[in-house]
Amino acid sequence: MRVLVTGAGGFVGSRVMRMLAGQYELYPLPKGMAAGNPDAVLREVARVQPDMILHTAAISDTGYCQQHPEESYRANVVFPLALAKTGVRLVAFSSDQVYTGLGGSTPFTEDAPLQPTNVYGQHKREMEQRVLDAAPNAVLLRATWMYDFAGDGLPLRGNLPLNLLRAAQAGEELGFSARDFRGITWVRDAVQNLPAAMQLPGGVYNFGCENPLDMWQTAQEFCKILNVAPKLMRQDWQRCLAMDTAKAQRGGVVFADTVQAFRQCVEQCRHR
């Protein structure tokens with residue numbers, strides 16, 4: 001299968017290019033093209049003639065999107081919509097941030113009544129709706145916060161284990177709420193699950209590790225596995241981004257839970 005990959009130099013896309021190279025003919029969309037003339041993207045699609053487009057590119061920094069909503073809209077709505085209109089099957093990353101604004105602590109299914117409260121979540125939600133209107137066979141993956149470690153030259157971005165390690169080294173304090181609920185996923189597990197996700201019927205899917213713990217408990221468990229002891233401050237504010245992944249599981253997309261998966265990740269990294 002010939003797959004055109006957007007964001008091929010980014011956090012997710014670079015790992016796609018390395019880990020899935022033996023399974024597909026992977027073609028990276030040239031860097032910067034997504035921010036340029038949409039006609040250039042269409043010409044590249046016509047040149048490559050892919051069987052599928054795997055869209056990993058995004059502006060995913062929620063604070064940056066909040067401060068630069070027009071730039072966020074172009075990257076997170078306009079660009080994937082243009083890809084959906086090419087007629088090539090699209091598999092695109094969305095985000096658990098679409099669940100901001102919903103209360104409680106129970107994991108959400110894909111049909112939860114969404115009312116995202118930040119710009120990034122709002123734009124991802126609009127992207128989902130407009131892409132599916134244009135291409136009902138598109139697969140949209142609501143991804144959790146993801147992490148990885150350094151060591152093989154692939155790009156990194158801020159993530160929970162790195163934050164914990166840096167805080168421990170610098171003697172800094174990190175705060176976590178016992179009323180904050182979300183899954184955390186090793187990005188390499190997400191990439192390994194993409195071949196199954198690429199076979200799913202069109203629609204929206206929660207994609208990543210579930211987590212029965214709150215973030216205060218999760219941070220403590222991660223510290224035990226890492227064998228570090230940063231200063232952790234227990235906070236009290238409410239958020240729920242926890243996702244029920246049963247729909248994706250029925251299609252063969254299976255993740256371990258957050259702490260179990262992190263334990264496996266650390267064990268594998270120690271034996272690299």
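Our structure is the block above this text.
Rules of the game
- Residues numbered from 1 in each chain as written.
- Predicted model: local features only at pLDDT ≥ 70, side-chain atom pairs only at ≥ 80, totals over all residues.
- Heavy atoms only, no water.
- Helix = DSSP H or I, 4+ residues; strand = E, 2+ residues; numbered from the N terminus.
- Rg over C-alpha atoms; globule rule 2.2 N^0.38 Å.
- Buried < 20%, exposed > 50% of the residue type's maximum accessible area, 1.4 Å probe, protein only.
- Contact = heavy atoms within 4.5 Å.
- Areas by Shrake-Rupley, 256 points an atom, 1.4 Å probe, with all protein chains shown as cover.
- Pairing = 2+ DSSP bridges.
- Axes fitted to C-alpha atoms, helices over the stretch in contact; angles between N-to-C directions.
- Core = buried A, V, L, I, M, F, W, Y, C linked by side-chain atoms within 4.5 Å.

### Digging into the overall build of the protein chain
- Broken down by element type, the protein chain carries 11 helices and 10 strands.
- Rg of the C-alpha trace for the protein chain: 18 Å, near the compact-globule value of 19 Å for 272 residues, within the 12% margin.
- Expressed as lengths along the three principal axes of its C-alpha atoms, the size of the protein chain is roughly 55 × 40 × 40 Å.
- With 272 residues in all, the protein chain has 51% of them scored as buried.
- Once local pairs closer than 6 in sequence are excluded, the contacts in the protein chain between residues at least 24 apart make up 79%.
- Summing over all exposed atoms, the protein chain offers an accessible surface of approximately 12200 Å²; the carbon and sulfur share of this is 48%.

### Re the sheet that holds strand S5 (residues 139-143)
- Pairing is parallel across the open sheet formed by 6 strands, whose spatial order is S2-S1-S3-S4-S5-S9. Strands with a single pairing partner mark the edges of an open sheet, and in this sheet they are strand S2 (25-28) and strand S9 (203-207). Each strand axis lies, on average, 25 degrees off the axis of its neighbour in the sheet, ignoring direction.
- Pairing of strand S4 (residues 89-95) with S5, which is carried by 5 bridges, proceeds in the parallel orientation. Note on S5: the bridge partner recorded for Ser94 is Arg142.

### What about the nonpolar core?
- Within the largest apolar cluster, 51 residues are counted, with the highest numbers of intra-cluster contacts made by Val3, Val16, Leu141, Met146, Leu194, Phe207 and Phe262.
- Ranked by residues supplied to this core, first place goes to helix H9 (residues 215-226) with 7 residues.
- Discounting chain neighbours no more than four positions away, the residues touching Leu141 are Val91, Ala92, Phe93, Ser94, Ser95, Leu194, Ala197, Tyr205 and Phe207.
- Of all hydrophobic cores here, the second largest spans 19 residues; its members include Leu4, Phe79, Val131 and Leu140.

Read these as spatial facts, not as claims about activity.
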